[in-house]
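Architecture at a glance
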Amino acid sequence: METDSELRGLCELSEAELSCLLTEDYGMESARATDAETRMLSYLHDLREVLRIDTGAGVRVLRMWLDEACVNRRLARDESMRESVALQEYARDRMADIALADPLCHVRLQLQFSQEWGGAE
């Protein structure tokens, strides 16, 4: 059986060397997490600005995207159900983004969807 030289090398490291190696890995991972968090916060800030455009254009555009992604439709059991479920999942993820960016806008959209859902029956 062939020995894994990288694993053998790791096993031969002293406790101090191993701690240093793990600290470096942790630092890189922490920096990546900070970058991802910064991007997400920036995205939510931008989304909040779009949702608060005075003319309402941002909400109308996002609402159109959500409608096209079946956010407020009942799913039919047919050959396109898998695609519809994927679109709904995407739409629900975007609704979660809206809830984080602008909770008041999220509530307004939910009320609109509820009214439409009630009128569809």
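Residues numbered from 1 in each chain as written. Predicted model: local features only at pLDDT ≥ 70, side-chain atom pairs only at ≥ 80, totals over all residues. Heavy atoms only, no water.

Here we come to the overall build of the protein chain. Looking only at helices and strands, the protein chain features 5 helices and 0 strands. The order of α-helices and β-strands along the protein chain, N terminus first, is α-α-α-α-α. Of all 121 residues assigned to the protein chain, the portion counted as buried reaches 20%. Taking as baseline every contact in the protein chain between residues at least 6 positions apart, the subset at least 24 positions apart corresponds to 56%. (Helix = DSSP H or I, 4+ residues; strand = E, 2+ residues; numbered from the N terminus. Buried < 20%, exposed > 50% of the residue type's maximum accessible area, 1.4 Å probe, protein only. Contact = heavy atoms within 4.5 Å.)

Further remarks concern the nonpolar core. Within the largest apolar cluster, 15 residues are counted, with the highest numbers of intra-cluster contacts made by Leu 51, Leu 66, Met 95, Ile 98 and Leu 109. Of all the elements, helix α4 (residues 81–101) adds the most residues to this core, at 4 residues. Beyond its immediate sequence surroundings of up to four residues, Leu 66 is in contact with Val 71, Ala 91, Arg 94, Met 95, Ile 98, Leu 109 and Phe 113. (Core = buried A, V, L, I, M, F, W, Y, C linked by side-chain atoms within 4.5 Å.)

Here the focus is the confidence of the model for the protein chain. Averaged over all residues, the pLDDT of the protein chain is 81; the fraction at 70 or higher stands at 85%. Helix α1 (residues 5–11) is the least confidently modelled element of the protein chain, averaging 71 in pLDDT, while helix α3 (residues 57–68) averages 88, the highest of any element. (pLDDT = per-residue confidence, 0-100.)

This brings us to the packing of aromatic side chains. Under the definition given, this model contains 0 aromatic pairs. If you follow Arg 94 out to its NZ or CZ, it ends over the ring of Tyr 90, 4.6 Å from the centre. (Phe/Tyr/Trp six-rings, centres within 6.5 Å; stacked < 30°, edge-to-face > 60°. Lys NZ or Arg CZ within 6 Å of the ring centre and 35° of its normal.)

Okay, α3 next. Owing to its 3.6 residues per turn, the α-helix brings residues three or four apart onto one side. Its 12 residues give α3 an end-to-end C-alpha distance of 17 Å, which sits within 8% of 16 Å, the value for a rise of 1.5 Å per residue. Those residues of α3 that fall on the buried side of the exposure criterion are Gly 58, Val 59, Leu 62, Arg 63 and Leu 66. Considered in projection along α3, the buried side chains sweep an arc of 125° and stay on one side of the axis. Among the exposed residues of α3, those oriented more than 90 degrees off its buried face are Arg 60, Trp 65 and Glu 68. Positive phi appears at Cys 70, one or two residues downstream of α3, with a value of about 65°. (Expected span 1.5 Å × (residues − 1). Arc of directions from axis to C-beta.)

Another aspect to go through is α4. A rise of 1.5 Å per residue sets the reference length of α4, with its 21 residues, at 30 Å; its end C-alpha atoms lie 30 Å apart and thus fit the reference within 8%. For α4, every residue scored as buried is listed here: Ser 84, Gln 88, Ala 91, Met 95, Asp 97, Ile 98 and Ala 101.

Scanning the model with the defined rule gives 3 salt bridges in all. Here Asp 102 makes a salt bridge to Arg 52, at a shortest N to O gap of 3.1 Å. Residue Asp 102 is located in the loop between α4 and α5 (103–120), and its partner Arg 52 is located in the loop between α2 (15–51) and α3; the two are separated by 50 residues in the primary sequence. Under the relative-accessibility criterion, Asp 102 is labelled buried at 6%. A salt bridge links Arg 94 to Asp 97, with the nearest nitrogen and oxygen atoms 3.0 Å apart. Linking Arg 94 with Asp 97, this pair stays in helix α4, spanning 3 residues, or about one helical turn. When its relative accessible area of 7% is taken as the criterion, Asp 97 is described as buried. (Salt bridge = Lys/Arg side-chain N within 4 Å of Asp/Glu carboxyl O.)

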